[in-house]
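# Fold and contact review
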Amino acid sequence: MSKPKNVILGMHTRTAISVDDEQAAHYALHNLLKGYHGIKLIGQAHNGTEAVTLINSLKPEIVFLDVQMPDMNGFEVLKRLSYQPYIVFCTAYDQYAIEAFNQNSIDYLLKPVDDKRFAQCVGKIEKFIPKHQEIDVSKLMDWSSMLNPPKKAFAIPITVRSKITFVPCETIAFCAARDGYVSLVTDDGTEHVCDLTLKQLEERLPDDFLRVQKSYIVKKTKIETVEKHFNNRLVLTMADNSRTKITTGTSYISVIRRELLL
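So, a few notes on the structure that sits alongside this text. Values in this document were obtained by computation on a predicted structure and should not be read as measured data.

Analysis parameters
- Residues numbered from 1 in each chain as written.
- Predicted model: local features only at pLDDT ≥ 70, side-chain atom pairs only at ≥ 80, totals over all residues.
- Heavy atoms only, no water.
- Pairing = 2+ DSSP bridges.
- Helix = DSSP H or I, 4+ residues; strand = E, 2+ residues; numbered from the N terminus.
- Phe/Tyr/Trp six-rings, centres within 6.5 Å; stacked < 30°, edge-to-face > 60°.
- Buried < 20%, exposed > 50% of the residue type's maximum accessible area, 1.4 Å probe, protein only.
- Lys NZ or Arg CZ within 6 Å of the ring centre and 35° of its normal.
- Axes fitted to C-alpha atoms, helices over the stretch in contact; angles between N-to-C directions.
- Salt bridge = Lys/Arg side-chain N within 4 Å of Asp/Glu carboxyl O.

Both strand S6 (residues 155–160) and strand S7 (residues 163–168) contribute to a ladder of six bridges, which runs antiparallel. Bridge pairing in S7 links Thr-159 to Ile-164. Following S6, the chain reverses through two residues before pairing antiparallel with S7; Arg-161 in that reversal takes a positive phi of roughly 60°.

Aromatic ring pairs are described here by two measures, namely the spacing of the ring centres and the angle between the planes. Applying the stated criterion across every chain yields a total of four aromatic pairs. With a centroid separation of 5.7 Å and 65° between ring planes, the pair formed by Tyr-36 and Phe-118 is classed as edge-to-face. With Tyr-36 in the loop between helix H1 (23–33) and strand S2 (39–45) and Phe-118 in helix H5 (residues 115–128), the pair connects residues that are 82 residues apart, well separated along the chain. With respect to class, Tyr-36 is no different from Phe-118; both count as buried. A cation over an aromatic ring shows up here: Arg-233 above the ring of Phe-230, its NZ or CZ 4.6 Å from the ring centre.

The next thing to look at is the sheet that holds strand S15 (residues 245–247). One key point about sheets: their strands pair by backbone hydrogen bonds, in either a parallel or an antiparallel sense. The antiparallel open sheet is built from three strands, whose spatial order is S13-S14-S15. Two strands in the sheet have a free side with no partner beyond their single neighbour: strand S13 (223–229) and S15. Going across the sheet, the axis of each strand differs from the next one's by a mean of 20°, ignoring polarity. Of the strand pairs in this sheet, S13 and strand S14 (residues 233–238) are connected by six bridges, and their pairing is antiparallel. By the bridge assignment for S14, Val-226 is matched with Leu-236.

Take the pattern of salt bridges next. All told, the structure shown has 13 salt bridges when counted by the stated rule. Here Glu-191 makes a salt bridge to Arg-178, at a shortest N to O gap of 3.3 Å. Of this pair, Glu-191 sits in strand S10 (residues 191–194) while Arg-178 sits in strand S8 (residues 172–178), and the two are 13 residues apart along the sequence. Its relative accessible area of 38% is what places Glu-191 among the partly exposed residues. One network of salt bridges, in which partners are shared, links Arg-14, Glu-61 and Glu-126.

In structure tokens, the structure reads:
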């Protein structure tokens, strides 16, 4: 007599999407799910961008989500979703990180996944989903930062004719976007035209830099004085040679006050 297939109790069939940049992983999950009639794969994505589009479109109940992919990691995918599905991580990370994931998701699957471990995962899915518990995505973001710490630049490259030189971040007083270009202004007042946008600079500069309005990023340690301005704004006087004054934007004021302890 052949061994009966595993069946999730209950009439409802759970919809699921598989997200992984390796086709072999999709194939393995598909084979594992053959034994469970209560979970139906309705799509698969091979990178983060594709995953965001597919998940937001099909809105599956469950996402089997790879942590590490070329264009964006699994946590970055979660940030871009228009709703919150239930997550089963598929990962090759060490036990310490996996245990952390396990506090904020239905389950984790350590690749390669065997039948016994997958059966445990399916059991958790059946127990977890009917309770309508919400996954704490903010904690997942914290683990994203831990596992994928931002790479901060020590210097910013600029191109002068055919030559690339570097402006050390410690010498930059502020960055400004003006008239279609971005400039780095150093302590001595020298202005260097940069090929990066302010958004790109914001991501690369060390943590002691702060966006204070749509056209300016300043180095916090190079702020000399702060004056109150109308409409809940501030005027920052920088410690460069010109003592440049920069008026903050109203939408940035909460972050500025927090960062500067005002």
